[in-house]
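Each chain, written out:
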Amino acid sequence: MFISGGGATDLYFVMCRTGDKSPKGISCIVVEKGTNGLHFGKKENKVGWNSQPTRAVIMEDCHVPVDNLIGKEGEGFNYAMQGLNGGRINIASTSLGAAQASFELAKEHLKVRKQFGKRLADFQYQQFKLAEMATALVASRLMIRNAARALQEDRPDKVAMCSMAKLFATEQCSKVTALR
């Protein structure tokens, strides 16, 4: 398996099977960097997001003390699901940031670039495109905030809200960055 931050992080939260084949048979343990049997593969060459290294994590005869169990045995699946919801908000927020940056760059470009003796910003078509971008940004921001609130308040709809925010914001980011 590979993970972001592999080899560069001091602590690894590992979901492992300690019981039956159901989700209740999964526990969470902390494995510290330097633990015997914990090794890392080569740093992967990635297209994009290179600020965080990605490596294979290899565990061979890796013994971890019982004290490294997080919570109680069998609670690991629940921890993993909680992390996924926060991760969905993270991805949605990252997408929103990329779309916002694209919007700002587009606005500046339209002020500077000229065609037929006029700034591109003076053309109604370009103004409509900026309005579409701004609408997508506001809608994405509201979806993300609503999902974050649902997660923070532990509402029953938190999984759905986090999933929808990720879907919507990533789709809108793609549209905003592709608008010309």
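Residues numbered from 1 in each chain as written. Predicted model: local features only at pLDDT ≥ 70, side-chain atom pairs only at ≥ 80, totals over all residues. Heavy atoms only, no water.

### Focus: the pattern of salt bridges
If the charged atoms of two oppositely charged side chains come close together, the side chains can form a pair.
Right, so step 1: Applying the stated criterion across every chain yields a total of 7 salt bridges.
Right, so step 2: For Lys 107, the salt bridge goes to Glu 104, with nearest N and O atoms at 3.5 Å. Of this pair, Lys 107 and Glu 104 both sit in helix H1 (residues 76-112), separated by 3 residues, roughly a single helical turn.
Right, so step 3: For Lys 107, a relative accessible area of 26% gives the class partly exposed. (Salt bridge = Lys/Arg side-chain N within 4 Å of Asp/Glu carboxyl O. Helix = DSSP H or I, 4+ residues; strand = E, 2+ residues; numbered from the N terminus. Buried < 20%, exposed > 50% of the residue type's maximum accessible area, 1.4 Å probe, protein only.)

### Considerations on the sheet that holds strand E4 (residues 38-40)
Right, so step 1: Ordered by their spatial adjacency, 3 strands build an open sheet running E1-E5-E4, and the pairing between neighbours is antiparallel. Each having just a single partner strand, strand E1 (2-4) and E4 make up the two edges of the open sheet. Along the sheet, successive strands turn relative to each other by an average axial angle of 40 degrees, direction set aside.
Right, so step 2: The pairing of E1 with strand E5 (residues 54-59) spans 3 bridges and is classified as antiparallel. Its bridge partner lying in E5, Ile 3 is registered against Arg 55. (Pairing = 2+ DSSP bridges. Axes fitted to C-alpha atoms, helices over the stretch in contact; angles between N-to-C directions.)

### Things to note about the packing of aromatic side chains
Right, so step 1: Going through the model one piece at a time under the given rule, you end up with 1 aromatic pair.
Right, so step 2: Ring geometry for Tyr 12 versus Phe 40: centroids 5.5 Å apart, planes at 40 degrees, classification tilted. Residue Tyr 12 is found in strand E2 (residues 11-17), and its partner Phe 40 is found in strand E4; the two are separated by 28 residues along the sequence.
Right, so step 3: In this structure, Lys 118 packs its charged tip against the face of Phe 123, placed 4.8 Å from the ring centre. (Phe/Tyr/Trp six-rings, centres within 6.5 Å; stacked < 30°, edge-to-face > 60°. Lys NZ or Arg CZ within 6 Å of the ring centre and 35° of its normal.)

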